[in-house]
Each structure stands twice: as structure tokens, then as C-alpha cells.
Amino acid sequence: MSNLPNLFIFDFDDTLSVRGSCYPIEELAINQDQLNLKEINYNYLKTHRCWNRRMNEVHKKLAEQGIDTQQIIEVCRTIELSPGTHELFRDIIDHNGKIVIMSNACDLVVQECLRAQNLLQYVDKIESNPVRQTDPVIVIDEYENPLQTTCQFCDPNLCKGSIIDQYRKRNLYDRMVFVGDGDNDVCAALRMNKTDYVFAKYDETSEKQVYDTMYDLLKNRYFQQLKTELFMASILTKRITSQISSMNKRQFFTWLNAIWNRYDQKRVQEIGPDRACAEWLLRCGGAVRFKNRQAITTDYNAIPSGGPGQQKVEEIRAVKACITSDGFAYLKGLTDLRKVHLEKCDQIGDGTIARLKQSKDTLESVALIDLPQLTENGVGNLTELKNLKQIDLARLPGVKSRDGIVRLLTNELPGCHVNYDDSYPHAPELQEK
Ligand SMILES: [Zn+2]
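Because the structure is predicted, anything quoted here is derived from the model rather than measured. (Residues numbered from 1 in each chain as written. Predicted model: local features only at pLDDT ≥ 70, side-chain atom pairs only at ≥ 80, totals over all residues.)

## A few points about the overall build of the protein chain
Then, number 1: Scanning the protein chain for helices and strands turns up 19 helices and 14 strands.
Then, number 2: Taking contacts inside the protein chain between residues at least 6 apart in sequence as the whole, the part at least 24 apart equals 73%. (Helix = DSSP H or I, 4+ residues; strand = E, 2+ residues; numbered from the N terminus. Contact = placed C-beta atoms within 7 Å.)

Here is the structure:
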């Protein structure tokens, strides 16, 4: 276990805040016609795509109507945050986490909102466009100069992905957790690696369905062609922040694991059981080997594509993976699974081994190593796998009668070699993890 803190990176508008910070500011206009949002939005969408420039135009028009900076700051202080934000932030800090806010708005808006709600104290850094002047009118500068225009996902100016890269280079964090909602969060989400987490906020209650951009993008458009290993696009409802905050860290990860291991019938139908099984294992930090291939696949992006049923999973290898019994539903429909190696997976219990029966006609080799929850009741389930030729058991503290279990397996599976040896070598992957 690393002692480094986890880094939690939050998008601001619509993720932490209930609605975009531009709306209360624009609503200050005494005369909406004179504000002429239609033109401002047209310029933004068709000419520059720079949010800071768009807001500078808004500020200028507001000033023309006599709205001063102080009034704008006042509305920023009252921006409504998603329920549970306070508890979540406190909880993250209590668990030695760091919080960074990353926003296309500006540092002033985020700062004023968080300070007024007593949350600024928890935040390590706000990565946003800097406000250059507040008087007589607020002027927001670009995040970086020269202007970033090369990212294929981000609008010009602030590239969230490159900010993530800079944090990662510093090597000060264990995991990264990114929470966002919109298409300008996709870039950051794609930079997460296999030990990180991405939450895409999804507001089920929204009639407009404007909050689900990133969720859709991740799940449908980009999920199969990610350049980095992205393992999760979860649903973050408005309430989930309060849900997380009421859990301790252990519960939080249990909850995440439950999402990782959830059987996705639709996905199985879409891509076939073999690929879906591979996705499940790699999502959880495990690996697979496909039939007629030598190499084990550990890279999510290296999962071979091809129509359903073309690539067969022949071997499952889970070393220190967060797989749970629920995930083993993905064995259903596998026709060529011959080998299963489970090592140091803390959540594997007796029930999990019972689920191997789904592959009883093909399984030839099972290794159960360093599994603290396993007892002879679980190992005994192997007797139903009549095709087994090799069983390796090691370091199973829950198995009380070693001789008894070896005798049982040898009697029930006469064609199988049973090796119970606590000096069984540790998986090489453990050195990397
Ligand atoms: Zn980018």
C-alpha cells in the first residue's frame, strides 16, 4: 500500500456546482436583450471557442448596464453546490487526499464560491483561467500563454489532460480520481490510467439531459478506442457525492469494486462474452490470454477487436486484482477457458470458486494462491470440474485441513495432479504492483 495521497480532481461548473456559473452572472443583466447572449454565444461557438473571452464579453455588457464587479462576486458566493460536497471534501482530507479544482471558468468564480461556503480551506489548488483585473470590469486571461490550440479534445486555451499529465509527472500521488461531466472533461478522463478512477456525472433527474455528455462519450464513442487505459465511466448522480461522503475509505472502494464487477448484459450482447470478460478482468487489474496467442493481454487497448466470438479467452490471470464473485458472471458463454490463476485477490471467497463450474467442461488448470478468504468449502468446489489436470494451491490460511482437501481432490479427480505447496513462487506481477 502506497503512503502517497490520492489526488481528487474536480471539474467545477455543473459537476461541483448544480448549474453553470455563467447563468447567475448573466441573470444579473437588467436588460437581457442588451446583453445579447445570442451574439456572444455565436462568437464563442463560431469564432474563438475561448470561454474566458466569452465571459469577458458578458462582463463588459453587464458593466454597460451599471452592474459592478462587487455584484458579480456576490452571486459567485451564492452558487449552489451539489449536495454532499462539503462532507465529501472533508472526507477526502481526512483520508489524506488532495483536492484540485480544474475549471474553464475562472479562478475568481471558483475561489469566491468555495470561500463563501467555507470549502476553500480543503482545496490544494485551483487550475483555471486567472482573473487579471476586477476594476472597473472583470477581465479573465487565458490559462496559458501562448494559447493552447493543439489538443484534439479541448477547446483552445485550457487543456485538462495536459494539466493531469503535469500532476502525474510530479509523482506525488498514489491514485488519481477525476470527476467531471461535460465534453471538456473527456481529455482529462482519457489521461487516467488503470489504477485511477473516472466519474462522469450523470443527472438522472435532468429533463434536459445536458449533464451526460462525458458519460455518453466515454461509454459509447471513445470506450473502445482509448489511447490510455480507462477503466471506468461510472454514473455520478447528484446524490452520489453525499453517498461517498457517508462511507469510509474502505466502503468507498468496496462500492467502486461493486461497480467494476457488475455484469453488463448489454455489453456482452454487443461485443460477445469473450471480449466482455476480458474487459471486466482488465478493468479490475487482471489479465487474460486469448487462444492461439502466447502473450498475456494486460493492456485494455490491446484487447483484440473483431466480431463477437472471434477471439476466445483461454486463460484468466488475476493477480492482486479487485475482482469479486459477482464479476465471475462473465464466465458465462466462454467456450475455451482452460486455465484460471487467482492470486492475492482479497475479495475472492468460497462462493467465487463455486462459480467456476460454469466452465467445468473446458477448465484444465486452476491455481489458487494467497487467497485469505478461501476455506476448504470453496476449494472443495473444484471436485466438480472433472476436466481438471492440474490444481495448484498455496498460502491459503483459511484452509484448516490441508491433507483432507488434498485427499478429497485426489480421490474425486483421479486424472488431476494436485500440488499444495506454500513455497509456490510468487507471481512476477507482484513486483510491479
Ligand atoms: Zn486536452
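## Examining unusual backbone geometry
Then, number 1: Residue proline 136 is bonded to the preceding aspartate 135 through a cis peptide linkage, with omega at 5 degrees.
Then, number 2: The amide bond that connects asparagine 145 to the next residue, proline 146, takes the cis arrangement and shows omega of 5 degrees.
Then, number 3: Structurally, proline 146 can be placed in the loop between strand 5 (139-140) and helix 9 (160-169).
Then, number 4: Despite not being glycine, arginine 49 shows a phi value in the positive range, around 60 degrees.
Then, number 5: Mapped onto the elements, arginine 49 comes out in the loop between helix 4 (37-48) and helix 5 (51-64).
Then, number 6: Even without a glycine there, the phi angle at asparagine 171 is positive, about 60 degrees.
Then, number 7: If you trace the backbone, asparagine 171 turns up in the loop between helix 9 and strand 6 (176-180).
Then, number 8: Residue asparagine 171 is classed as exposed on the basis of its C-beta count, with 7 C-beta atoms lying within 10 Å. (Buried ≥ 20, exposed ≤ 12 C-beta atoms within 10 Å, placed from the backbone.)

## Regarding the nonpolar core
Then, number 1: With 54 residues, the main nonpolar core has Ile9, Phe10, Val110 and Phe178 as its most contacted residues.
Then, number 2: Ignoring anything within four residues of it in the chain, the contact list for phenylalanine 178 reads Ile9, Ala188, Ala189, Met192 and Val198.
Then, number 3: In terms of nonpolar packing, the next biggest core, distinct from the first, is built from 47 residues, Leu282, Ala318, Leu334 and Cys345 among them. (Core = buried A, V, L, I, M, F, W, Y, C linked by C-beta atoms within 7 Å.)

## Concerning the sheet that holds strand 14 (residues 417-420)
Neighbouring strands of a sheet are bound in pairs by backbone hydrogen bonds; such pairs are parallel or else antiparallel.
Then, number 1: Within the open sheet, the six strands sit side by side as 9-10-11-12-13-14. Their pairing is mixed. This sheet does not close on itself; its edge strands, each paired only once, are strand 9 (287-290) and strand 14. Taking the axes of each pair of neighbouring strands and ignoring which way they run, one obtains an average angle of 10 degrees across the sheet.
Then, number 2: Bridge count for strand 10 (residues 313-319) against strand 11 (residues 339-343) is five bridges, and the pairing is parallel. Within strand 11, the position partnered with valine 319 by the bridge is glutamate 343. (Pairing = 2+ DSSP bridges. Axes fitted to C-alpha atoms, helices over the stretch in contact; angles between N-to-C directions.)

## A closer look at the packing of helix 4 against helix 5
Then, number 1: Here helix 4 crosses helix 5 at 155 degrees, and the two axes come no closer than 10 Å. Classified by the angle between their axes, helix 4 and helix 5 sit roughly antiparallel to one another. You can see that helix 4 and helix 5 cross each other, and the crossing is right-handed. Between helix 4 and helix 5, the contacting residues are Ile40, Asn43, Tyr44 and His48 on the first element and Arg53, Arg54, Glu57 and Val58 on the second. (Parallel < 35°, antiparallel > 145°, perpendicular 65-115°, else oblique. Left-handed = near helix turned anticlockwise from the far one by under 90°.)

## Brief notes about helix 5
Every α-helix carries 3.6 residues per turn, so stepping three or four residues along brings you back to the same face.
Then, number 1: Between its first and last C-alpha, helix 5 extends 20 Å over 14 residues, near the 20 Å set by a 1.5 Å rise per residue.
Then, number 2: When helix 5 is considered as a whole, its buried residues turn out to be Trp51, Asn52, Arg54, Met55, Asn56, Val58, His59, Lys61 and Leu62.
Then, number 3: Packing partners of the buried residues in helix 5 comprise helix 2 (22-26), helix 3 (32-35), helix 4 and strand 5. (Expected span 1.5 Å × (residues − 1).)

## Observations regarding the confidence of the model for the protein chain
Then, number 1: Taken as a whole, the protein chain shows an average pLDDT of 83; of its residues, 83% reach a score of 70 or greater.
Then, number 2: Note that pLDDT drops below 50 for residues 216-249; the model gives that stretch 73 contacts with residues more than four away or on any other chain. (pLDDT = per-residue confidence, 0-100.)

## Comments concerning the packing of helix 6 (residues 69-77) against helix 8 (residues 107-116)
Then, number 1: Packing of helix 6 against helix 8 leaves a shortest axis separation of 7 Å and a crossing angle of 55 degrees. One element, helix 6, and the other, helix 8, form an angle in the oblique class. Read as a crossing pair, helix 6 and helix 8 show a hand that is right-handed. Across the interface between the two elements, Ile73, Cys76 and Arg77 of helix 6 pack against Val109, Glu112, Cys113 and Ala116 of helix 8.
Then, number 2: Residues belonging to the contact of helix 6 with helix 8 are distributed by class as follows: five nonpolar, no polar and two charged. (Nonpolar A, V, L, I, M, F, W, Y, C, P; charged D, E, K, R; others polar.)

## Digging into the environment of histidine 426
Then, number 1: Within the element layout of this structure, histidine 426 appears in the loop between strand 14 and helix 19 (429-432).
Then, number 2: Sequence separation between histidine 426 and valine 319 is 107 residues; the distance between their C-alpha atoms is 9.7 Å.

## Some details on the pairing of strand 13 (residues 390-394)
Along any regular strand the residues' side chains alternate between the sheet's two faces.
Then, number 1: Residues of strand 13 alternate between two faces, with Ile391 and Leu393 buried on one and Gln390, Asp392 and Ala394 left unburied on the opposite face.
Then, number 2: With five bridges joining them, strand 12 (residues 365-369) and strand 13 adopt parallel strand pairing. For valine 366, the partnering residue across the bridge sits in strand 13 and is isoleucine 391.
Then, number 3: With four bridges joining them, strand 13 and strand 14 adopt parallel strand pairing. Across the sheet, aspartate 392 pairs through a bridge with asparagine 419, a residue of strand 14.
Then, number 4: Considered for its hand, the β-α-β crossover made up of strand 13, helix 18 (residues 402-412) and strand 14 is right-handed. (Right-handed = clockwise from strand over helix to strand, strands pointing away.)

## Considerations on the environment of serine 365
Then, number 1: Take serine 365: it is sitting in strand 12.
Then, number 2: For the pair serine 365 and isoleucine 391, spaced 26 residues apart in sequence, the C-alpha to C-alpha distance is 5.8 Å.
Then, number 3: Setting aside residues up to four positions removed in sequence, serine 365 forms contacts with Arg338, Lys339, Lys389 and Gln390.

## Quick look at the environment of lysine 357
Then, number 1: Along the chain, lysine 357 turns up in the loop between helix 16 (350-354) and strand 12.
Then, number 2: Judged by C-beta crowding, with 15 C-beta atoms within 10 Å, lysine 357 ranks as partly exposed.
Then, number 3: Between the C-alpha atoms of lysine 357 and leucine 382, which are 25 residues apart in sequence, the distance is 8.0 Å.
Then, number 4: Once residues within four sequence positions are removed from consideration, lysine 357 is found in contact with Asn381 and Glu384.

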